[in-house]
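# Coordinate inspection notes
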Amino acid sequence: MKIAILNDTHWGARNDNAAIAEHIIKFHREVFFPYLIENDIKTVFHLGDLTDRRKYINFVTAKNLEEHFMKPCNDLGLDVHIIAGNHDVYYKNTNEINSLRQLYGESKYDNISLYWDKPVELDMDGCKIMLSPWICQDNYDASIQAFEETKSQILMGHFEITGYEMMKGQLCDHGLNSAMFNKFDTVYSGHFHHPSSLGNITYLGAQYEMNWSDFEGWRGFSVFDTETREITKVQNPYQMFHKIMYDDVDMTIEDVANLDTSLLTNTFIKVIVKNKTNPYIFDLFLDRLQQSGAADIKVVEDHQNLDVIDEDDLIDEAQDTMTILTQYVQNLEFKGDKNKVERFLRELYSEAMSV
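My aim in this report is to walk through the structure given alongside it, one point at a time. (Residues numbered from 1 in each chain as written. Predicted model: local features only at pLDDT ≥ 70, side-chain atom pairs only at ≥ 80, totals over all residues. Heavy atoms only, no water.)

So, on to helix H3 (residues 59–75). Along its 17 residues, H3 runs 22 Å from first to last C-alpha, staying within 8% of the 24 Å computed at 1.5 Å per residue. Within H3 the residues assigned to the buried category are Thr-61, Asn-64, Leu-65, Glu-66, Phe-69, Met-70, Pro-72 and Cys-73. In this structure, the buried side of H3 is in contact with strand S1 (2–6), helix H1 (13–16), helix H2 (18–38), strand S3 (79–83), helix H4 (99–104) and strand S4 (112–115). N-capping of H3 is provided by Asn-58, with a side-chain oxygen placed 2.6 Å from the backbone N of Val-60. (Helix = DSSP H or I, 4+ residues; strand = E, 2+ residues; numbered from the N terminus. Expected span 1.5 Å × (residues − 1). Buried < 20%, exposed > 50% of the residue type's maximum accessible area, 1.4 Å probe, protein only. Contact = heavy atoms within 4.5 Å. Polar contact = N/O pair within 3.5 Å; in protein donor to acceptor, adjacent residues only side chain to side chain.)

Listed below in structure tokens is the structure:
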């Protein structure tokens, strides 16, 4: 049998941003469920962070989650298994209060199973798979014991493991030790949105872009085959964030008029200005982008250095917030532990994005 795997869907992401919400809905409506129907897949695993905010849920987000994920899963007769991720739980030391339990703990959907307190072993057509929710202080011992006792060779969960990429090029320097997963042939995890693999552990990556840190990264979902024990990656073709190089040296009004903006509706755009020699054409260009229905357009200019920096340098000027913070800390001249400062800013930034 084949199992479709989701993780880090973050319903309500970016402070319940309407454009992001439509992007999430579009993925499920036009990519995920059509693929399941076309390939006759009847089982779905969700590896944590179903919702985005730890403290509460917006009513519109709850409605979107119900109408565009839970109800379609029920209507299609899917066997759905969802574990709690760190964004699903209210406290940091216990999973007792969580969005899964509060929203669907006594669900009308008999085909949806929820797990938040400790790992569970499932037999999927003869293939034993252990599902593990977010590990915290309250369930740490029970989780370790379950890992030691299970006969499963495959573990799927929502883990924060030191030494793995949180974002492209940025390694996690805290969390669980990878040695605790050595007994498993394969470990698949949500949590880090950047897909990566090291040893027997694979981070599957998020289904879609939600911030500039996700720009130009692979996004999509996975399908696990219980017979071959192999993963098939299904790419999400829709991009939420775009960087557009602007250079009007050889640009005409006709070029602006013929600009294809069909994929820019409800997206976030950064215009990187390399050469702006004609203010009129530049205004026409921005008007054309505005007419596309973009959610947000920002312009990045460097009037002093445009003649001496290359395209890669210009793109660097439009880096995401976390990358800028990290580079700032690493360039500071002081004797303290830069990694601790960076970790504090990263946690603070993550918390701010969830509030």
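Resuming the write-up.
Time to look at empty space enclosed by the protein. Applying the stated rule across the entire model yields one cavity of 30 Å³ or more. Forming the walls of the largest cavity are Trp-11, Gly-12, Ala-13, Asp-16, Asn-17, Ala-21, Ile-24, Thr-61 and Asn-64. Elements supplying a minimum of two residues to the lining of the largest cavity: H1, H2 and H3. Classifying every residue of the lining of the largest cavity by side-chain character gives four nonpolar, four polar and one charged. (1 Å grid on protein atoms, 1.4 Å probe; cavity = no way out; pocket = protein on both sides within 12 Å on 5 of 7 lines; lining within 4 Å. Points joined across faces, edges and corners; volume = space filled by probe spheres on them. Nonpolar A, V, L, I, M, F, W, Y, C, P; charged D, E, K, R; others polar.)

Bringing the pattern of salt bridges into the picture now. Counting across every chain of the model gives eleven salt bridges. The salt bridge involving Asp-123 is made with Lys-128; its shortest N-O contact spans 3.7 Å. Taking relative accessible area as the criterion, Asp-123 reaches 48% and is therefore assigned partly exposed. The salt bridge involving Lys-298 is made with Asp-296; its shortest N-O contact spans 2.9 Å. Given a relative accessible area of 26%, Asp-296 falls into the partly exposed group. (Salt bridge = Lys/Arg side-chain N within 4 Å of Asp/Glu carboxyl O.)

This brings us to the sheet that holds S4. By way of backbone hydrogen bonds, the strands of a sheet pair with one another, either parallel or antiparallel. A sheet is described by the order of its strands in space; here six strands give the open sequence S4-S3-S2-S1-S13-S14, paired in mixed fashion. Both outer strands of the open sheet, S4 and strand S14 (230–235), are each paired with one neighbouring strand and no more. Going across the sheet, the axis of each strand differs from the next one's by a mean of 20°, ignoring polarity. Both S3 and S4 contribute to a ladder of four bridges, which runs parallel. In the sheet register, Ile-83 faces S4, and the bridge partner there is Tyr-115. Set on the sheet, H2 makes contact with S1, strand S2 (43–46), strand S13 (220–225) and S14; between it and S13 the angle comes to about 15°. (Pairing = 2+ DSSP bridges. Axes fitted to C-alpha atoms, helices over the stretch in contact; angles between N-to-C directions.)

Right, let's get into the sheet that holds strand S15 (residues 241–247). One open sheet holds the three strands; their spatial order is S15-S16-S17, and the pairing between them is parallel. The strands lining the two open edges of the sheet, one partner per strand, are S15 and strand S17 (296–300). Pairs of neighbouring strands in the sheet enclose a mean axial angle of 20°, with direction left out of account. Pairing of strand S16 (residues 268–275) with S17 involves five bridges; the strand directions are parallel. Bridging from a neighbouring strand, Phe-268 pairs with Asp-296 of S17.

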